Amino acid sequence: MLKTRVLTAIALLPVVLGMLFLAGTAAWVAFAAAIALVSCWEWSRLCAFSPGARALFLVASGAIACALAAARLAGPPALFANVAQAAFVAAAYFWIFAVPAWLALRLRPEPWACGLAGWFVLWPMWAALVVLREAGPWVLLACAALVWVADIAAYFAGHRFGRRKLAPAISPGKTWEGVVGAILGVLAYGVALDILAHVRPGALSPHFEAAAGLPALAAMVGLAALSILGDLFESWMKRGAGRKDSSSLLPGHGGVLDRIDALTSTLPAAALLISLA
């Protein structure tokens, strides 16, 4: 399993990095849309749709992808900026208010509600992939790396010190000690970015200026918390559907959703914060 996981990662990494740093705008928009559409297909497997409702959900998802891509590539820049901003605000409300209540109640909504939630999860993430990449490939990569740092730090802290379960009914392996480890890991990552931004000015430097340094670190802690929430929400959806993975598209990893679950909650918030800053 580990060998398969590593081989899949080695095969995917050049593709993702190549698209991130070398692709034109249209190619990147299409690439991000492909990720979102595959994730919509996986999400539809978690919603208990009837065959007809599932087909309708996927057709509607394709229409949304075409409309959003057209807004970015063919519409006036202000149109896409407004659409993206509205998507980020809607996602912030969804993740900060709706998802915690949803998880606390542990109720399984109707399939249509689960499908609608999937759009709140995935299309703001698509917009964030586009907006953050336009801010700079290194900006998007730094935001994604925050999620990876939080995940790795949480794993090792939870494995070494974990005692108190975070959400045993949803994800038994997660602990409060892991949450603390994630926050400390992200703080260390933020300090490293701060130092790097001053030693070697670049796309990240404006976000770590003297007056912005502490707010940036505080924002990164908030993003780390959101990354954990995104992971929990997808775990909850899979548990409700009786599935271990969202699909088997990525050997050793599960599905695309299993790889981007924490990004779905974090990237829209990061894009919103950067746009406001």
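This text goes with the structure placed above it.
Everything numeric in this text was worked out from a predicted model, so none of it was measured.

Caption draft 1: Spotlight on the overall build of the protein. Of the regular secondary structure elements, the protein holds nine helices and two strands. Helices and strands appear in the protein in the N-to-C order α-α-α-α-α-α-β-β-α-α-α. Computed over the C-alpha atoms, the radius of gyration of the protein is 18 Å, within 12% of the 19 Å expected from 2.2 N^0.38 for a compact globule of 277 residues. Taken over the C-alpha atoms alone, the protein extends approximately 55 × 55 × 40 Å along its principal axes.

Caption draft 2: Structural view of a nonpolar patch on the surface. A surface patch of nonpolar side chains, amounting to about 550 Å² of accessible area, comprises Leu13, Leu17, Phe21, Leu22 and Trp138. By residue number, the principal contributor to the nonpolar patch is helix H1 (residues 2-22), which donates four residues. Along the polypeptide, Phe21 turns up in helix H1. Residue Phe21 is classed as partly exposed on the basis of its relative accessible area, which comes to 34%.

Caption draft 3: Representation of the packing of aromatic side chains. One pass over the full model with this rule turns up 15 aromatic pairs. Relative to Phe233, the ring of Trp43 has its centre 6.0 Å away and its plane inclined at 40 degrees; by these criteria the two rings are tilted. Residue Trp43 is located in helix H2 (residues 25-44), and its partner Phe233 is located in helix H8 (residues 213-241); the two are separated by 190 residues in the primary sequence. According to the relative accessible area criterion, Phe233 is buried, its value standing at 1%. Arranged with centres 5.3 Å apart and planes meeting at 80 degrees, the rings of Tyr155 and Phe156 form a pair that is edge-to-face. Each member of the pair, Tyr155 together with Phe156, is exposed. The structure contains a cluster of three or more aromatic residues connected by ring pairs, namely Trp43, Phe94, Trp95, Trp102, Phe120, Phe233 and Trp236.

Caption draft 4: Representation of helix H4 (residues 77-105) within the structure. End to end, H4 covers 41 Å across 29 residues, agreeing with the expected 42 Å (1.5 Å per residue, within 8%). Among the residues making up H4, those that are buried are Phe80, Ala84, Ala87, Phe88, Ala91, Ala92, Phe94, Trp95, Val99, Trp102 and Leu103. Of the residues flanking the end of H4, it is Arg106, one or two places downstream, whose phi is positive at about 55 degrees.

The rules we used
Residues numbered from 1 in each chain as written. Predicted model: local features only at pLDDT ≥ 70, side-chain atom pairs only at ≥ 80, totals over all residues. Heavy atoms only, no water. Helix = DSSP H or I, 4+ residues; strand = E, 2+ residues; numbered from the N terminus. Rg over C-alpha atoms; globule rule 2.2 N^0.38 Å. Patch = residues over 30% accessible without salt bridge, like charges linked within 9 Å, V, L, I, M, F, W, Y side chains within 5 Å. Areas by Shrake-Rupley, 256 points an atom, 1.4 Å probe, with all protein chains shown as cover. Salt bridge = Lys/Arg side-chain N within 4 Å of Asp/Glu carboxyl O. Buried < 20%, exposed > 50% of the residue type's maximum accessible area, 1.4 Å probe, protein only. Phe/Tyr/Trp six-rings, centres within 6.5 Å; stacked < 30°, edge-to-face > 60°. Expected span 1.5 Å × (residues − 1).

Any functional reading would require information that these geometric values do not contain.
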